[in-house]
Each structure stands twice: as structure tokens, then as C-alpha cells.
Amino acid sequence: MKITGNMNNPEINLEMDTLKAKANVARRADFFTISFEFPKLQKGDIRLSGYIFNKNPMTLKGDGALPDGTSFSWTANYKEAFVEPVKKADDTKYVLNVGPINYPFGSYGWTEAPKQERVLIRNATVWTNEAEGILQNTDVLIANGKILQIGKNLSTAGAKVVDGTGKHLTAGIIDEHSHIAISRGVNEGTQAVTSEVNIEDVLNSEDINIYRQLAGGVTTSQLLHGSANPIGGRSALIKLRWGKSPDEMLFEGADKFIKFALGENVKQSNWGDRQTTRFPQTRMGVEQVFVDAFTRAKEYERQWKEYRSNTKGAKLVPRRDLELDVLVEILNNKRFITCHSYVQSEINMLMHVADSMGFKVNTFTHILEGYKVADKMKERGIAASSFSDWWAYKVEVEDAIPYNGAIMHKLGVVTAFNSDDAEMARRLNQEAAKAIKYGDISEEDALKFVTLNPAKMLHIDNRVGSIKVGKDADIVLWNDHPLSIYAKPLQTYVDGIAYYDEARDNELREVIVKERARLIQKMLDAKNKGARTQKPALEVVPKFHCDHMYHFGGGLDDFIYNYYYHLNHGELNRH
């Protein structure tokens, strides 16, 4: 006896050897009647009446009568839960039709990898970011991934010619503080020091934000660990080589960086009442984390030096510590610090700790009170990567002013504007323009806030950040003045490869519409011919920021949690 359906209106099928029958059932409370027929055994209905005798495990009992009137008693004991057998798809009716494979495997991917070309951009307004300044009606020749020539009336021999008349050519935008292309979480917030973890290990080279930011003129991004810890994880510096593997996106030969953090996030003051167990919980605790960590790192380095200088002695090999290995790199100027910061007192604290412990802070990022400490930063050669005009989004930002970037720049601090946001990164040229409104910065210097200056603070200005013969051909051709809100990239080159081209983008939009229609028809055709189906799954892709402690697993619980997270943090407008 196989019982399916719901308890109020069950369906019952009976089998005996090769005989099968579907029964008529009537139920009222715990009492029911069942009738069915086995014609090959005896013509007429077999009738059962009975009741639920026991519910756990379920037992049914009752009386019955055969078609000839013979009566009997019967009992049915629960055996197992009924499982609907899976119907095997008739694959003979459906022929698999595989569409084209592209890289990355999704929208706007390449069916054939783009190649370096010899390209001559003619008659453009060229923003060099060098002593030559802005050059009118100038040609730029790129080949083999490098800027080969800059001048007027350059030879077109063997080159693909792009008309730059009325257009502007700049160096590619560099985002010093980004969290795109990171898979399954941006913070390892379980302990105060997590220098052993590395963003390079979790690069997601198929993140659509890579392509979107190429469409905004970005060519290089530093992907930072979050700000959950005073000493966070190591960062990844990438070129936005859309379609390449994670390893191929890394900026080869560049110096290595790490994320430090100060403020509300590291002491968990804004994370809710349950986040009160991890050290530190106060500002003095944050300072002590730095002192303790570098004290241990110095002792660790001393042990290794003694061991290596006396390898024939009886000393034991020091225990390897991956966290301290990284801190020793910092002490020896082999890895450099980008520090999340806001408040003057905390910035002063870390500069003091760095002075006393013998390491250097390379960059303060966010640093919305940088205008208060710019003189001290200048003395120590510390750069500033700030927001253009963010303020009032949490308590430690109350003293932020939109003139911050201009003041630091005028006091001699290398200053940049960053995004910390996947959407803002597509418009960093407009963020740079705000330095003109707030602080009367020149147009050339304002553009440097998102090109040459971040290149300097990332130690890659010998390769990118300006248009100069011999540098990498990471350049952007704009349809308008690059600091205008109307400006859009027409082409974005990385290593001389046009990873974004507006004309191709328009073609791809039509391809995507047709591919979506093809896939829908393919699914309908497969279903109609007996192929297996499944319900669509909810998939929500996060846009990480510094303080995000979660990742999406794709389920409804994750979606609900993160909805209320953003609701409480006022971030739904950005998601």
C-alpha cells in the first residue's frame, strides 16, 4: 500500500505481486474506507474499512470484504516514507545544442581572446600627466603593450588608426581601494591579526564589475582586505585584463601591500551587542595590538637570524609563523601598509607606533581628517587615498570636509581619490573633478588624483599613471573632457589591448539579447521533449565594502540577513 497526497485527501495505490490497483478513498477523522479491484484475481470491488490504530509508527487496522462476500480482518504497518520515483528523461528525443564558449563564461565575454595591436590614435587632446602637460591635436602610437611614440603626424605604417579628433586621451584610472573580484567574503574577522590571509588566493576573475569598471576607464585596482582587524590580510594588485585567469590578472613585478585598520570597525563598536568578545574593544586595545604584534615579529626575526648564523649549533629551528613572516616583511620594507583611518587621534597614534617600532605607513586610506595631520604625514612621506566628498555616514566621520583632498595636496601630500565601492569606481573621473569644486585644484592635478598619484602610492608610477614613451599602454580614449559628467570612455586599453570598446559593447548587447532568447527556447524545447527540469535558484551577488563580514551562499536566509544588514546600515541605495 503506497499512500501519497495530503492527509485529508490521500491517494492510495496497492500492489500484490504483478497486480496493481488505484483505490477510491474516503476519510473522516481517523476513520476511512477503501475500495479497489484486482480483475485478474476476482471481478468486483474489494472493500476495506478501518482506522488509524497508532500514529508513531503508524499502524492501520480494520475489516474487509471480498467481492463474493467473504469477510476478513486486516492490518497495515508503516514500512518507510514514500519517495516518488524519478522519471528517466527520454534523451533520445532531445539533441543537445551547445552554444558558443566565451571567456569569462557569461555576458560580455570573449569568444576569441583580444590581442595586442599596433594602434595609432590620431589628433587627440592628450593629458600626459608629465611636464609636457596637455597636448592638443597630438598622436599616440602604441605597440607590444607599450607607448611607443607621442607627437604630431606620426606614421600610420602597419598601425590600426583610431580618429581622436575632438576626443581626449588619458592614462588609465587607478583605484587604490577596491573590493571587486573577491570571492566569498572580504574580511577574516575572527581575530585581531590576520596577516596570513591573502586576497590573491580568492580572486574572482569573472566578476562583471571588472568589465563595468573598464567601461568607466579603470585599468588597475588594488583589492584590499576589509577593515575588521587592526592588522588585516594581504592585498592583490590587478590589471583589469577581462577574460584572463586570476593569476594572469596580477600586476606582475609590483610591490606587495597589506591592509591595516583603525576606528569603529576594528573594535566592533558598530557591529551590534553580540560582538563584544574579541580583543580589542577600545582604542587603547587597538594600539596595543600593533605594539604586541611588532614586538613578537622582532623577536621572531631575531630567532631566525640567530639560527641561520649558527646552523652548525644545537639550536632548534624556530617555529614558522605565517602571520609574523608578513610583519617581518613590513619591518624590512618588503611589504607596505595601506591603513583604513578616519580620526586625527588614531592617525597620530599609528604614526607614533610606527616611529617607535621601526616600520612605515605607506598610505592612509579614507583619512577624512587628513587635513588635520597633513603636515605630519608630509614629514614621514605618507600618502593619502581619500574620498572626494563623503561625510556624515557614521560617528567617526563627523569632522569630514569636502576640502580634505585639496588641503592635503596643497601641503605636499601625495593625494588620491578612491572608490571602496563597485559602483563609484565606474565614475572616478567625476570624483576627481570634485577636487576642482572643493579646493580649486587645477584640472591636470585633479585628474592625477585618480591616475598618477595612486600609481605613486602603489609604487607603479614607473609603469602606469601617465602617458609617456616606454610606459605600459594603459590608456583611455574619452568622447569628452575627462572630468565632465558627460564623458564616457570609447576605448579602454590595458597593455595595449582594447579590453573595452564602445562599438563592440553595443554589438554585445544585441548578442546577449539573442543568446537569452536562445537559452529560453532551448529550455522550453528540452522540457517539452521530456528532459528534466529544476526550479530557478535565487542568486544574489554582493558588492563588498570595508566593513562587510559576510558572503552570500545564494539562499533565502542569506538574502534576508543581508537585506536587513543594509537596511540597518542605510546602504540599500547602493545595492
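The structure presented is a predicted model; accordingly, all values stated were derived computationally and were not measured.

Structural notes on the sheet that holds strand β3 (residues 19-22)
1) Next: The antiparallel open sheet is built from three strands, whose spatial order is β1-β2-β3. The sheet terminates laterally at β1 (2-5) and β3, the two strands that pair on one side only. Averaged over neighbouring strand pairs, the angle between their axes works out to 20° when direction is ignored.
2) Next: When strand β2 (residues 10-16) meets β3, the two strands line up antiparallel, connected through four bridges. Each residue of the ladder has a partner; that of M16, found in β3, is L19.

What about the environment of N265?
1) Next: You can see N265 is positioned in the loop between β18 (256-261) and α3 (283-309).
2) Next: With 281 residues separating them in the primary sequence, N265 and C546 have C-alpha atoms 8.8 Å apart.

Some remarks on the confidence of the model for the protein
1) Next: Taken residue by residue, the protein gives an average pLDDT of 90. The fraction at 70 or more is 91%.
2) Next: Residue range residues 552-559 is modelled with pLDDT below 50. Its contacts to residues more than four positions away, or to other chains, number 16 contacts.
3) Next: When the criterion is pLDDT under 50, residues 565-575 qualifies, and its contacts beyond four places in sequence or with other chains add up to 22 contacts.

Looking at helix α11 (residues 502-528)
1) Next: For α11, which comprises 27 residues, the first-to-last C-alpha distance of 39 Å matches the rise-based estimate of 39 Å (1.5 Å per residue) to within 8%.
2) Next: Every buried residue of α11 is accounted for by R504, D505, L508, I512 and A526.
3) Next: Where α11 is buried, its residues touch α1 (208-214) and β25 (497-501).
4) Next: Put simply, D501 is the residue that caps the front of α11, since its side-chain oxygen is 2.9 Å from the backbone nitrogen of A503.
5) Next: Once α11 finishes, G530 follows within two positions and takes phi at roughly 100°, a positive value.

Concerning the environment of T170
1) Next: Examined against the element boundaries, T170 turns out to sit in strand β13 (residues 168-171).
2) Next: Sequence separation of T170 and S227 is 57 residues, and the distance between their C-alpha atoms is 32 Å.
3) Next: One polar contact links T170 to W478, side chain to side chain, over a distance of 2.9 Å.

What to know about the packing of helix α5 (residues 344-357) against helix α6 (residues 370-380)
1) Next: Across the interface, α5 lies against α6 with an axial gap of 10 Å and an inter-helix angle of 20°. Of the possible angle classes, the one that applies to α5 and α6 is roughly parallel. As for the relative orientation of α5 and α6, their crossing is left-handed in sense. Here Q344, I347, N348, M351 and D355 of α5 come into contact with α6, specifically with K372, V373, K376, M377 and R380.

Things to note about the sheet that holds strand β4 (residues 24-28)
1) Next: Spatially, β4-β5-β6-β7-β8 is the arrangement adopted by the five strands of the open sheet, whose pairing is antiparallel. The two strands at the open ends of the sheet, each matched to only one other strand, are β4 and β8 (71-77). Averaged over all adjacent pairs, the angle separating strand axes in this sheet is 20°, with direction ignored.
2) Next: Examined bridge by bridge, strand β6 (residues 42-55) and strand β7 (residues 58-65) share eight bridges and lie antiparallel to one another. Among the inter-strand pairings, R47 is bridged to a residue of β7, identified as A65.

Focus on the pairing of strand β14 (residues 173-178)
1) Next: With six of six residues buried, β14 lies mostly within the body of the structure.
2) Next: Sheet topology places β14 next to strand β15 (residues 218-223); four bridges connect them, and they run parallel. In the sheet register, I174 faces β15, and the bridge partner there is T220.
3) Next: Handedness of the crossover is the feature at issue here: the chain leaves β14, passes through α1, returns alongside β15, and the resulting connection is right-handed.

Overview of the side chain of N209
1) Next: The topology assignment puts N209 in helix α1.
2) Next: Those residues in contact with N209 that lie beyond four places of it in its chain are I180, A422 and K543.

Notes on the packing of aromatic side chains
1) Next: As enumerated under the stated definition, the model contains 19 aromatic pairs in all.
2) Next: Note on Y211 and W242: the rings are 5.8 Å apart at their centroids and 40° apart in plane angle, and the pair reads as tilted. Of this pair, Y211 sits in helix α1 while W242 sits in the loop between β17 (236-239) and α2 (246-249), and the two are 31 residues apart along the sequence.
3) Next: Consider the rings of F417 and F449, whose centres lie 5.0 Å apart with planes at 90°: the pair is edge-to-face. Of this pair, F417 sits in strand β22 (residues 415-417) while F449 sits in the loop between α9 (443-448) and α10 (452-457); the two residues are 32 residues apart in sequence, bridging distant segments of the chain.
4) Next: On the basis of relative accessible area, F417 is assigned to the buried category, the value being 2%.
5) Next: With a relative accessible area of 0%, F449 lands in the buried category.
6) Next: The structure contains a cluster of three or more aromatic residues connected by ring pairs, namely Y108, Y211, W242 and Y500.

Observations concerning unusual backbone geometry
1) Next: A cis amide bond links N56 with the next residue in sequence, P57, at an omega value of -5°.
2) Next: Residue P104 is bonded to the preceding Y103 through a cis peptide linkage, with omega at -5°.
3) Next: The residue P104 is located in the loop between β8 and β9 (119-127) in this model.
4) Next: Of note in the backbone geometry, N137 takes a positive phi value of approximately 50° without being a glycine.
5) Next: Here H459, not a glycine, exhibits a phi torsion of approximately 65°, which is positive.
6) Next: Examined against the element boundaries, H459 turns out to sit in the loop between α10 and β23 (475-478).

The rules behind these values
Residues numbered from 1 in each chain as written. Predicted model: local features only at pLDDT ≥ 70, side-chain atom pairs only at ≥ 80, totals over all residues. Heavy atoms only, no water. Pairing = 2+ DSSP bridges. Helix = DSSP H or I, 4+ residues; strand = E, 2+ residues; numbered from the N terminus. Axes fitted to C-alpha atoms, helices over the stretch in contact; angles between N-to-C directions. pLDDT = per-residue confidence, 0-100. Contact = heavy atoms within 4.5 Å. Expected span 1.5 Å × (residues − 1). Buried < 20%, exposed > 50% of the residue type's maximum accessible area, 1.4 Å probe, protein only. Polar contact = N/O pair within 3.5 Å; in protein donor to acceptor, adjacent residues only side chain to side chain. Parallel < 35°, antiparallel > 145°, perpendicular 65-115°, else oblique. Left-handed = near helix turned anticlockwise from the far one by under 90°. Right-handed = clockwise from strand over helix to strand, strands pointing away. Phe/Tyr/Trp six-rings, centres within 6.5 Å; stacked < 30°, edge-to-face > 60°.

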